[in-house]
Amino acid sequence: MEALALERKAEQNRELKKRIEELKKERNAIILAHYYQRDEVQEVADFRGDSFLLAQKAAQTDAEVIVFCGVHFMGESAKILAPNKTVIIPDERAGCPMADMVNVEGLKALKRQHPKAAVVTYINSSAEIKAETDICCTSANAVKVIQSVDAEEIIWVPDKNLGHYVSQYTDKKMIIWEGYCNTHDMLTVKDVIEMKAQHPNAQFVVHPECRPEVVELGDFVGSTTAIIKYCKESDCKEFIVGTEDGTGYQLRLDSPDKTFHFATKFLVCPNMKVNNLKKIVRCMETMQPQIYVPPQVAEKARLSLERMLQVK
Ligand code: 13P
Ligand code: SF4
């Protein structure tokens, strides 16, 4: 972009940010943003986090309105955990393809085939799936959750890559659904080997939503928050990052003296990027679109999320 256009854009963003701050006060609203959001969206957030921290925050906030900048299932989880709050999202089209890879009929059929199995569901799922679930998890607590479950057999939905990772930490029999994250699953062994050759002093940090053979190459494997914490605390100064590109915002804030190379230019979740400042202003002005979860679904789904939040 040429200099003049950049300056115009910066000025527009300053105005939008000012309006957002006014609206936060008028509406008694809090903005929650996932680490995969655009930098300018993370900048206006009152709280940034991974799926687990955002769910926890939604359950605890005193604000009347939650503006959820992430993807649809995250807004839904916030509404389920905070049913008396109004939850609005900047753009209804921000979905998660992995969450859509599992359907209620398929899950019910699996439950009939394995009547003694407990259902553990990744938070990247719809409210209807959560309502058919014993306990939810996120990538931050998946191993702990699996270990906390009192059953020898586990039906795991929807992420096969995270399921494979977790299965290495339990003797329980895991029946794993074939879903995956289109973004993380794009990263290949070849990409990582090429990056390692280009940056021989860098450590490879990777999210368990990546393919098992890619995760195996990791010097560190963890959720988005765990990766950010590891990079901050490590003595190493250079990292190849195997998770979504938006994580760079918090990585650079926390570790300005370190260098981060993203493992491929394809590690961008297009769904996360549909939110922007203009849409935040619009949803806060109109209070639309709002997240609605039918009460009978929400009640059951809440149990599975609350059980997760209680796992220590
Ligand atoms: P976490 O937020 O648990 O790291 O999960 C990553 C993700 O893909 C969220 O959609
Ligand atoms: Fe879904 Fe993957 Fe995007 Fe997360 S990064 S919202 S799992 S598609």
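Residues numbered from 1 in each chain as written. Chains lettered and ligands numbered in written order. Predicted model: local features only at pLDDT ≥ 70, side-chain atom pairs only at ≥ 80, totals over all residues. Heavy atoms only, no water.

Enquirer: For the packing of aromatic side chains, give the residues involved together with the corresponding values.
Expert: Here the structure, examined in full by the defined rule, presents 4 aromatic pairs. When the centroid spacing of 5.6 Å and the interplanar angle of 15° are considered together, the rings of Phe 239 and Phe 260 count as stacked. A residue pair is termed long-range when its members are at least 10 positions apart, and Phe 239 in strand E11 (residues 238-242) and Phe 260 in strand E12 (residues 259-262) qualify at 21 residues. Overall, the relative accessible area of 0% leaves Phe 239 in the buried class. Taking the relative accessible area as the measure of exposure, Phe 260 reaches 12% and is therefore buried. Joined through ring pairs, the aromatic side chains of Phe 220, Tyr 230, Phe 239 and Phe 260 make up one cluster. (Phe/Tyr/Trp six-rings, centres within 6.5 Å; stacked < 30°, edge-to-face > 60°. Helix = DSSP H or I, 4+ residues; strand = E, 2+ residues; numbered from the N terminus. Buried < 20%, exposed > 50% of the residue type's maximum accessible area, 1.4 Å probe, protein only.)

Enquirer: Break down the sheet that holds strand E5 (residues 118-122) for me, with residues and values.
Expert: If you walk across this open sheet you meet the 4 strands as E6-E5-E7-E8, and the pairing is parallel. Edge strands, defined here as strands with exactly one partner in the open sheet, are strand E6 (135-137) and strand E8 (173-176). On average, each strand axis in the sheet is inclined to that of its neighbour by 30°, with strand direction left out of account. As defined by bridge partners, E5 adjoins strand E7 (residues 153-157) across 4 bridges and the pair is classed as parallel. Each residue of the ladder has a partner; that of Thr 121, found in E7, is Val 157. (Pairing = 2+ DSSP bridges. Axes fitted to C-alpha atoms, helices over the stretch in contact; angles between N-to-C directions.)

Enquirer: So what's going on with the environment of Val 268? Residues and values would help.
Expert: Within the fold, Val 268 resides in the loop between E12 and helix H13 (277-286). You can call Val 268 partly exposed: its relative accessible area is 33%. Taking the C-alpha atoms as reference, Val 268 lies 28 Å from Tyr 292; in sequence the two are 24 residues apart. Apart from the residues lying within four places of it in its own chain, the contact partners of Val 268 are Thr 183, Glu 244, Asp 245 and Lys 273. (Contact = heavy atoms within 4.5 Å.)

Enquirer: Explain the side chain of Lys 273 to me, and be specific about the residues and the numbers.
Expert: Within the secondary structure, Lys 273 sits in the loop between E12 and H13. At a separation of 3.1 Å, a polar atom in the side chain of Lys 273 contacts the side chain of Glu 244. Residue contacts for Lys 273: discarding those within four places in its chain leaves Tyr 36, Gln 37, Arg 38, Glu 244, Asp 245, Gly 246 and Val 268. (Polar contact = N/O pair within 3.5 Å; in protein donor to acceptor, adjacent residues only side chain to side chain.)

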